[in-house]
Amino acid sequence: MSTERILIIGSNGQIGLELAENLRKSYGSENVICSDVRKLDNQIAPFETLDILDQTKLHEIVKKYNITQVYLLAALLSATAEKNPKFAWDLNMNGLFHVLDLAKEGIIKKIYWPSSIAVFGPTTPRQNTPQYTVMEPNTIYGISKQAGERYCEYYHQKYGVDVRSIRYPGLIGWKSAPGGGTTDYAVHIYHEALKNKSYECFLSAETALPMMYMPDAIRATIELMEAPAEQVKIRSSYNLGGISFNPEEIAASIRKYIPGFTISYKPDFRQAIADSWPQSINDSEARNHWGWKPEFDLDGMTKEMLDNLKADYQ
Ligand code: NAD
Ligand code: SER
């Protein structure tokens, strides 16, 4: 029987829905408490409505369920954050402080908090971007993630907080919708391919970005959280590599299954965000420290995405 009681904050988003399903399989439904600022019509219990900025309610929920681990997923993503920079900073930073302080006070034992490829900026080497390199993010989202990483490492070194983190690439899955990021096109494209056999992309044809199929990302997250503490040598956040491709390449992959699929391009404000990010990631630290290995390539992901989504459009 699991001795862990897990709280997911932001559980109704793109990652949270899939993470909750996986954690509940491993730890038992009653031991994985979901929470979000918005409740779904078909919400599965146990669930609590929680605004992460409400520190008092966070404490009440943690006490009520004897929570030992928190996965903090509530945040504004890159595109949404640019539209409301002050609130993005408030949510992304104060949400993290509320959870870090729970661990500092010894109330919880372990934290998962995701960072992003957005911590890198236009002066970072863009190919095979290493773990340690120039980092000058120029989006409010990237700035909040970089500051968050520094605070995670600080809380670990100064107060012994067991916080673990991954710099996710753009995540692609069929079970849940993306929540306002620059990489969201790589999910929308599969829906539009099945619905209309065409897609208008908000990034240009040659904009390569690091991406990952959601099952790989969920497995990485749980593997990192379950790794012995001594293997987790980086307490800011780990680079994690999966697949790198541009819109032209994902379109070509879709054409292998949907001949005649067409793509057109109308770049918007998200182009500048994408242009400031790496094109591919070097994740040798994650591989060496806790054994990370991705499973899915572009065509393998395309096949699964289309197979699973096609019922929605028949
Ligand atoms: P999402 O936008 O899909 O989900 C976020 C969830 O948080 C939503 O369900 C939202 O209702 C909830 N939320 C928002 N404000 C809240 C608040 N004040 N209190 C409680 N809940 C609140 O985001 P996601 O894609 O699932 O991302 C989760 C985390 O992973 C974020 O920190 C994000 O920066 C990071 N990340 C995601 C990606 C990606 O491609 N999805 C890549 C890199 C990093
Ligand atoms: N997928 C995320 C975004 O585009 C990267 O952190 O915002």
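Numbering of residues starts from 1 in each chain and follows the order in which that chain's sequence is written. Here every chain gets a letter starting at A, and every ligand a number starting at 1, in the order they are written. Two thresholds apply to this predicted model, a pLDDT of at least 70 for residue-level local features and 80 or more for giving and counting side-chain atom pairs, whereas whole-chain, interface and lining totals are computed over all residues. Excluded from the side-chain calculation are hydrogens and water; included are all heavy atoms of the structure.

Enquirer: Could you give me a rundown of the pattern of salt bridges, with the residues and numbers involved?
Expert: Basic side-chain nitrogens of Lys or Arg form a salt bridge, by our definition, when they fall within 4 Å of a carboxyl oxygen of Asp or Glu. On inspection of all chains with the given rule, the structure shows 17 salt bridges. Note that aspartate 162 and arginine 164 form a salt bridge whose closest N and O atoms lie 2.9 Å from each other. Assigned by exposure class, aspartate 162 and arginine 164 land together as buried. The closest approach of N and O atoms between aspartate 283 and arginine 287, which form a salt bridge, is 2.7 Å. In this scheme, a residue with accessible area under 20% of its type's maximum is buried, one over 50% is exposed, and one in between is partly exposed, where area comes from a 1.4 Å probe on protein chains only. Take aspartate 283: its relative accessible area is 5%, and that puts it in the buried class. Residue arginine 287 is classed as partly exposed on the basis of its relative accessible area, which comes to 37%. Three or more residues are tied together by salt bridges with common partners; here these are Asp216, Arg219, Glu223 and Glu295.

Enquirer: Help me get a handle on the packing of helix α6 (residues 185-196) against helix α8 (residues 247-255), residues and values and all.
Expert: When two helices pack together, their arrangement is given by the angle between their axes and by how far apart the axes lie. Running from amino to carboxyl end, α6 crosses α8 at an angle of 30°, the nearest separation of the two axes being 11 Å. Remark: the crossing between α6 and α8 carries right-handed chirality. Where α6 abuts α8, its residues Tyr185, Ala186, Ile189, Tyr190 and Ala193 lie against Pro247, Ile250 and Ile254. Counted by class, the contact of α6 with α8 contains eight nonpolar, no polar and no charged residues. For helices, the fitted axis covers only the stretch in contact; all axes are lines through C-alpha atoms, and the angles between them, taken along N-to-C directions, range from 0 to 180 degrees. The way it works is that DSSP assigns letters per residue, a run of H or I at least four long becomes a helix, a run of E at least two long becomes a strand, and they are numbered from the N terminus. Left-handed describes a crossing whose near helix is turned anticlockwise from the far helix by less than a right angle; the clockwise case is right-handed. Two residues form a contact once any of their heavy atoms are found within 4.5 Å. Residues are grouped as follows: Ala, Val, Leu, Ile, Met, Phe, Trp, Tyr, Cys and Pro are nonpolar; Asp, Glu, Lys and Arg are charged; every other residue, Gly included, is polar.

Enquirer: Tell me about the side chain of lysine 110, residues and numbers included.
Expert: Along the chain, lysine 110 falls in strand β5 (residues 110-112). Positive charge is attributed to Lys and Arg, negative charge to Asp and Glu, and no charge count is given to His or to the chain ends. Buried and without a salt bridge, lysine 110 has aspartate 162 as its closest oppositely charged side chain, separated by 4.8 Å. Excluding residues that lie within four positions of it along the chain, lysine 110 makes contacts with Thr68, Gln69, Val70, Asp162, Arg164 and Met225.

Enquirer: Account for the pairing of strand β11 (residues 209-213), naming residues and giving values.
Expert: Consecutive side chains along a regular strand alternate between the two faces of the sheet. Extensive coverage of β11 is indicated by the burial of five of its five residues. The pairing of strand β9 (residues 170-172) with β11 spans three bridges and is classified as parallel. Paired with isoleucine 172 across the two strands is tyrosine 213, which belongs to β11. Bridge analysis of β11 against strand β13 (residues 243-245) gives three bridges, and the strand direction is antiparallel. By the bridge assignment for β13, leucine 209 is matched with phenylalanine 245. We call two strands paired when DSSP finds no fewer than two bridges between them.

Enquirer: I'd like to hear about the sheet that holds strand β6 (residues 115-116), residue by residue, with values.
Expert: Reading across the sheet, the three strands line up as β6-β8-β12 and stay open at both edges, with parallel pairing between neighbours. Taken across any chain shown, the strands that pair with only one partner, and hence form the sheet edges, are β6 and β12 (238-239). Here two bridges tie strand β8 (residues 166-168) to β12, and the two strands are oriented parallel to one another. What sits directly across from arginine 167, in β12, is asparagine 239.

These values are about where atoms sit, not about what they do.
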